[in-house]
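Listed below are the residues making up each chain.
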Amino acid sequence: MLYLTKSPGFPALSACHTGGSLGPVINPTTIVVVGAAGKLGRLLILSLLARPGVRVRALVRDPAKVERAGLPDDRVEWVAFDATTPDADARAAAVRGAFAVISALQGGPDIIIDAQLNLLRAAKAAGARRFIASAYSYDLFGLPEGVNINTDWRRTLAERARAEVSDRFEVVHVMQGIFADAAVLGFLGVFDAAAGVVRYWGDGTTPIDWTTWEDTARFTAAAALDERPVPERLYVRGDRLDVLAFARTLEATLGKPVTRERLGSLEELAQETERRLAAEPNNMYAWLPLMYARGVFGGQALLGPPENARYPEI
């Protein structure tokens, strides 16, 4: 049985409950989820609502277009919100009364850097405990500059956000490796589900961190509600195994052979990335998957020591 205690430097919460297998629950608590209409956003809402007494304010561009099946209207407030709005009053209203703000935003630097920085400043001004930025990747702090433009943007946000951190306000980056999902792995060029082919660069023995969408959402929700201070870099993972072990796991699961296809060396991967970028600079689908592949197969973006033990109920 777990109880919440007041942490030094943080305000006491209004009430506390024992949450059984779900751990401690804060009641009443409002968590804001921005970018709530996407796959991860919906899973975040479901993970938050699994804890009694939690309410969610879901920020989306158009609430009328959101699929709400299975989401209780009495605990979810849908709010129209454009993350790029220059209106400071709209941002303040969006995060007012929130215990924490979770971002699941995607986009270019105007979203990942500028919009998130404005929103986390609004969250801080509103008295929120923490802002969880949109990371959800391998270790963005371990990858050198220029390997992956998306990682560069997120690292720039982290650097600028540190000026906002205090003993009463945290900025957290949840990093879980890559999503163990056929669509994501297809985008990365790692797994062709229809053909039953696993593709890789290098020798196939570099460890890779894998986590499901669902567990990523559960860990993020737990971090948002955590009464204790949460580290800036929150590493969580489902498993760590190389791509050849992944192929063997697929074979055991599917009950049929899976073809392995080596695409080239890591040096050839870097050269192919640069070639595609030069040939089609405006077509990110031509080169962005290879940028992620460099982080996956290069071994430079492996997660630090996992924090799974913070949330044993997951």
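Residues numbered from 1 in each chain as written. Predicted model: local features only at pLDDT ≥ 70, side-chain atom pairs only at ≥ 80, totals over all residues. Heavy atoms only, no water.

Visitor: Lay out the packing of helix α3 (residues 109-125) against helix α4 (residues 149-161) with the relevant residues and their values.
Guide: Close contact between α3 and α4 brings their axes to 9 Å; oriented N to C, the two are set at 25°. Of the possible angle classes, the one that applies to α3 and α4 is roughly parallel. When the axes of α3 and α4 are compared, the crossing they make is right-handed. Packed against α3, whose contacting residues are P109, I112, I113, D114, Q116, L117 and L120, the element α4 presents W153, R154, T156, L157, R160 and A161 at the interface. A class-by-class count of the residues in the contact of α3 with α4 yields 8 nonpolar, 2 polar and 3 charged. (Axes fitted to C-alpha atoms, helices over the stretch in contact; angles between N-to-C directions. Helix = DSSP H or I, 4+ residues; strand = E, 2+ residues; numbered from the N terminus. Parallel < 35°, antiparallel > 145°, perpendicular 65-115°, else oblique. Left-handed = near helix turned anticlockwise from the far one by under 90°. Contact = heavy atoms within 4.5 Å. Nonpolar A, V, L, I, M, F, W, Y, C, P; charged D, E, K, R; others polar.)

Visitor: Could you give me a rundown of the nonpolar core, with the residues and numbers involved?
Guide: Grouped together as the largest cluster of nonpolar side chains are 70 residues, with contacts concentrated most on I31, I45, L48, W78 and F297. Tallying contributions element by element places helix α9 (residues 284-298) first for this core, with 9 residues. Non-local contacts of I31, meaning those with residues more than four positions away in its chain, are made with L48, V54, R55, V56, R57, F99, A100, I102, A224 and L225. Within the second largest apolar cluster, 27 residues are counted, among which are V34, L105, I111 and F169. (Core = buried A, V, L, I, M, F, W, Y, C linked by side-chain atoms within 4.5 Å. Buried < 20%, exposed > 50% of the residue type's maximum accessible area, 1.4 Å probe, protein only.)

Visitor: I'd like to hear about a nonpolar patch on the surface, residue by residue, with values.
Guide: A contiguous nonpolar patch, built from F187, M284 and Y285 and spanning about 310 Å² of accessible area, is present on the exposed surface. Its place among the elements puts M284 in helix α9. (Patch = residues over 30% accessible without salt bridge, like charges linked within 9 Å, V, L, I, M, F, W, Y side chains within 5 Å. Areas by Shrake-Rupley, 256 points an atom, 1.4 Å probe, with all protein chains shown as cover. Salt bridge = Lys/Arg side-chain N within 4 Å of Asp/Glu carboxyl O.)

Visitor: Outline the sheet that holds strand β14 (residues 239-241), listing residues and values.
Guide: On the basis of which strands lie adjacent, the open sheet formed by 3 strands has the order β9-β12-β14 and mixed pairing. Strands with a single pairing partner mark the edges of an open sheet, and in this sheet they are β9 (178-179) and β14. As defined by bridge partners, β9 adjoins strand β12 (residues 208-211) across 2 bridges and the pair is classed as parallel. By the bridge assignment, I178 is partnered in β12 with W210. (Pairing = 2+ DSSP bridges.)

Visitor: Give me the lowdown on the sheet that holds strand β11 (residues 197-201), citing residues and values where you can.
Guide: Remark on secondary structure: sheet strands pair via backbone hydrogen bonds, oriented parallel or antiparallel. The 3 strands lie next to each other as β10-β11-β15, forming an open sheet whose pairing is mixed. This sheet does not close on itself; its edge strands, each paired only once, are β10 (191-192) and β15 (259-264). Of the strands in this sheet, β10, β11 and β15 are in contact with helix α7 (residues 243-254), which crosses β11 at around 175°.

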